[in-house]
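# Tertiary structure, described
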Amino acid sequence: MDFTGTSTRHSLVHGDALDLVELVRKEGLEGKVDMVYVDPPYASDRDYVAEARLDGPADGRALRTLAYEDRWSRERGGIGAYLDMLAPRLDALARLLSPRGTIWVHLDWRAAYLVRTILDEILGRDAFKNEIVWRRAPNLGRQAASSQFGRTLDTIVVYGREQATLRPPTRLEPIDPSAIRWDEEGRPFTSAPRGDYTDASIEKLEAEGRVHRTATGRVYIKYFLVKNSEGVLCRERRVDALWTDVPPLRHSVVSERTGYPTQKPRALLERIIACATDPGAVVVDAFAGSGTTAVAAHALGRRAYVSDVSPVAIAVARARLLREGAPLELHRAAEVSQPKMKGVKVEVRGDRLRLVAPAEPLAWAVGTEEDGVFRTIWHSERVPGKKPIPAVMEADLPPGSASSDGGLHVRVFGDDGSVGDWSGTVSEARAGARTRARGEDRTEARR
Ligand SMILES: C[S@@+](CC[C@H](N)C(=O)[O-])C[C@H]1O[C@@H](n2cnc3c(N)ncnc32)[C@H](O)[C@@H]1O
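Since the structure is predicted, the reported quantities are computational estimates derived from the model, not experimental observations.

### Thoughts on the domain arrangement of the protein chain
Domain assignment breaks the protein chain into domain 1 (10-164 + 240-332), domain 2 (170-238) and domain 3 (345-446). Taken together, the contacts link 21 residues of domain 1 with 16 residues of domain 3. Those elements giving two or more residues to the side of domain 1 that touches domain 3 turn out to be β3 (46-53), β4 (62-70) and α8 (311-323). Among the elements that take part in the side of domain 1 that touches domain 3, α8 stands out by supplying eight residues, more than any other. Within the side of domain 1 that touches domain 3, the residues separate by chemical class into ten nonpolar, six polar and five charged.

Have a look at this one:
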């Protein structure tokens, strides 16, 4: 199956990570991928449930569906089986990298230490770039009350090919007012001891007016300050490998939260993509979940190739990308099972096509179908938020289809990952409307 948008499309594969690798190779991009990010299952021994809120938290009407299993009990082979799953996929993904490419593997305390040894093996110890610690939750509740330090961190292990260079961004850190001074030009600055700056560096900094000498002749480096959005004077510092400034998803705007379990904040992926790639680069995520990498890549002008085995993940990621206006192509690997949605009903009245059932789809589309390939002409998706906005249930008929009694193709996506189709002619859909109207009349007559 293939769902085509416009020319610079992202690719979403419903399939295993290895199916994605095969697609990237087939498209001639082996050795041209500048970044691979993966956020695979963490060997957590639990199931993850997706929650689609239909009316917002106030009404609490929600659909819950198993999104994916992360179970590696002794009977299933334990952590050995987990590593047997992950290692060949990391190996295949690493082979896609360009000479400046980096691979980012997002895990937590359960498997990060093991995956480092696998990446040492695949790319070599010298390819290690960073072990980033992201504070993904505050130390509250059960974590804070437990008998060890709160496990509130995720680890992102980064390895790079020979020409890989990362460009860490800067962040603004507020400065204690007592540490602020003003130079003769009225510019606020703070200062710090020279540390390991060489004499040559000090000379260079002095020429830039960035050296401050105390009355006793001690040398300090001046850091000029800038105001943050709240008007507080801050020092601009380069981000190091400790990321405490990317808030957890639950602090993101409600419309960002798809209800997919283990969804990562878009800001996290934007930071990673921006520091590791240039606009136009190809970015790969083989364990896509709700599609965060693809959405961030789209926002930053990169092209994403992403995959997931879970039909729920694919439905969520597809809807999310389309909501963001990201054109995409959806591929389905032969081996994956796709839950079938039954009972799709449409009707045509005048020049409008209406989806009658299901009543609350995650998304639906009107398109053409040729050789089993569905091409979208029009689509609509539910918008999550405090008060979710349901998908628009009526669309214009495709141009010319009414006069020619042309074929209509409708595809519907459910929150449980199911996909349903309706195909027929405009007159068949009109007949559906007439039957329905008669049914409605009878109901009226009985009252
Ligand atoms: C931790 S979640 C990813 C969450 C994602 N980063 C997000 O922001 O939504 C891991 C995902 O890996 C998928 N997965 C598990 N095994 C896979 C495989 N062999 N190939 C592709 N995807 C897989 C699961 O279905 C799940 O959606």
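### Describing the nonpolar core
In this structure, Leu-12, Val-36, Leu-93, Val-105, Val-284, Ala-294 and Ala-317 are the most contacted members of the largest nonpolar core, which totals 89 residues. For this core, the two domains that each supply at least three residues are domain 1 (10-164 + 240-332) and domain 3 (345-446). Residues in contact with Ala-294, not counting those within four places in the same chain, are His-10, Leu-12, Asp-285, Ala-288, Ala-304, Val-306, Ala-317, Leu-321 and Ala-326.

### Structural notes on the site of the ligand
Around the ligand, the surrounding shell holds 20 residues, and the nearest of these are Tyr-68, Phe-287, Gly-289, Thr-292 and Ser-310. For the shell around the ligand, a count of residues per class yields nine nonpolar, seven polar and four charged.

### A few points about the sheet that holds strand β22 (residues 394-396)
On the basis of which strands lie adjacent, the open sheet formed by three strands has the order β18-β19-β22 and antiparallel pairing. The sheet terminates laterally at β18 (345-349) and β22, the two strands that pair on one side only. With strand direction ignored, the average angle separating the axes of adjacent strands in the sheet is 30°. Bridging between β18 and strand β19 (residues 352-357) involves five bridges; their strand directions are antiparallel. Within β19, the position partnered with Val-348 by the bridge is Leu-353.

### Quick notes on the sheet that holds strand β7 (residues 153-160)
Overall, mixed pairing links the nine strands, which are arranged β14-β6-β7-β5-β2-β15-β16-β1-β17 in an open sheet. Of all strands in the sheet, those with a lone pairing partner are β14 (242-243) and β17 (328-332), marking the two edges. As paired elements, strand β15 (residues 282-285) and strand β16 (residues 303-308) share four bridges and run parallel to each other. By the bridge assignment for β16, Val-283 is matched with Ala-304. The strands touched by α8 within the sheet are β1 (10-14), β16 and β17, with β1 carrying the most contacts at an inclination of about 160°.

### A closer look at helix α7 (residues 292-299)
Of all eight residues in α7, seven are buried; the element is thus mostly enclosed. Listed as buried for α7 are Thr-292, Thr-293, Ala-294, Val-295, Ala-296, Ala-297 and His-298. At its buried positions, α7 is contacted by β1, β2 (33-38), α6 (266-276), β15, β16 and α8. Just downstream of α7 lies Gly-301, where phi reads positive at about 75°.

### What about the packing of α6 against α7?
What describes two packed helices is the angle between their axes and the distance between those same axes. Interhelical geometry of α6 versus α7 gives an angle of 60° and a closest axis separation of 9 Å. With respect to α7, the element α6 is oriented oblique. α7 is crossed by α6, and the crossing has right-handed handedness. Across the interface between the two elements, Arg-266, Leu-269, Glu-270 and Ile-273 from α6 touch Thr-292, Thr-293, Val-295, Ala-296, Ala-297 and Ala-299 from α7.

### Describing the confidence of the model for the protein chain
Per-chain confidence: the protein chain averages 92 in pLDDT, with 95% of residues scoring 70 or above. Predicted confidence is poor over residues 1-7, with pLDDT under 50, and the contacts of this stretch with residues over four places away or in other chains come to 22 contacts. Here residues 441-447 is modelled with pLDDT under 50, and outside its nearest four sequence neighbours on either side it reaches zero contacts, counting other chains as well.

What counts and how
Counting restarts for each chain: residues are numbered from 1 in the order of the written sequence. With the structure being a predicted model, the display of local features is reserved for residues of pLDDT at least 70 and the display and counting of side-chain atom pairs for 80 or more, all residues being used for whole-chain, interface and lining totals. All the domain ranges listed were derived from an automatic or database domain assignment. Throughout, a pair of residues is in contact if the C-beta atoms placed from their backbones lie within 7 Å. In this description a helix means any DSSP run of H or I spanning at least four residues, a strand means any run of E spanning at least two, and both kinds are numbered starting from the N terminus. Each residue is assigned to one of three groups, with Ala, Val, Leu, Ile, Met, Phe, Trp, Tyr, Cys and Pro labelled nonpolar, Asp, Glu, Lys and Arg labelled charged, and all others, Gly among them, labelled polar. Definition of nonpolar core: a set of buried Ala, Val, Leu, Ile, Met, Phe, Trp, Tyr and Cys residues joined via C-beta atoms within 7 Å. Put plainly, a residue is buried at 20 or more neighbouring C-beta atoms within 10 Å of its own, exposed at 12 or fewer, and partly exposed in between, counting only other residues' C-beta atoms, which are placed from the backbone. Defining nearness, a residue is near a molecule or strand when the C-beta atom obtained from its backbone falls within 6 Å of it. Should DSSP find at least two bridges between two strands, the strands are regarded as paired. The axes are straight lines fitted to the C-alpha atoms, using for helices just the contacting stretch, and the angles between their N-to-C directions are given from 0 to 180°. Each angle gets one of four labels, with under 35 degrees taken as roughly parallel, over 145 as roughly antiparallel, 65 to 115 as roughly perpendicular, and the rest as oblique. For any helix crossing, the convention is left-handed if the near helix is rotated counterclockwise from the far helix by under a right angle, and right-handed if that rotation is clockwise. A score between 0 and 100, pLDDT records how confident the predictor is in each residue.

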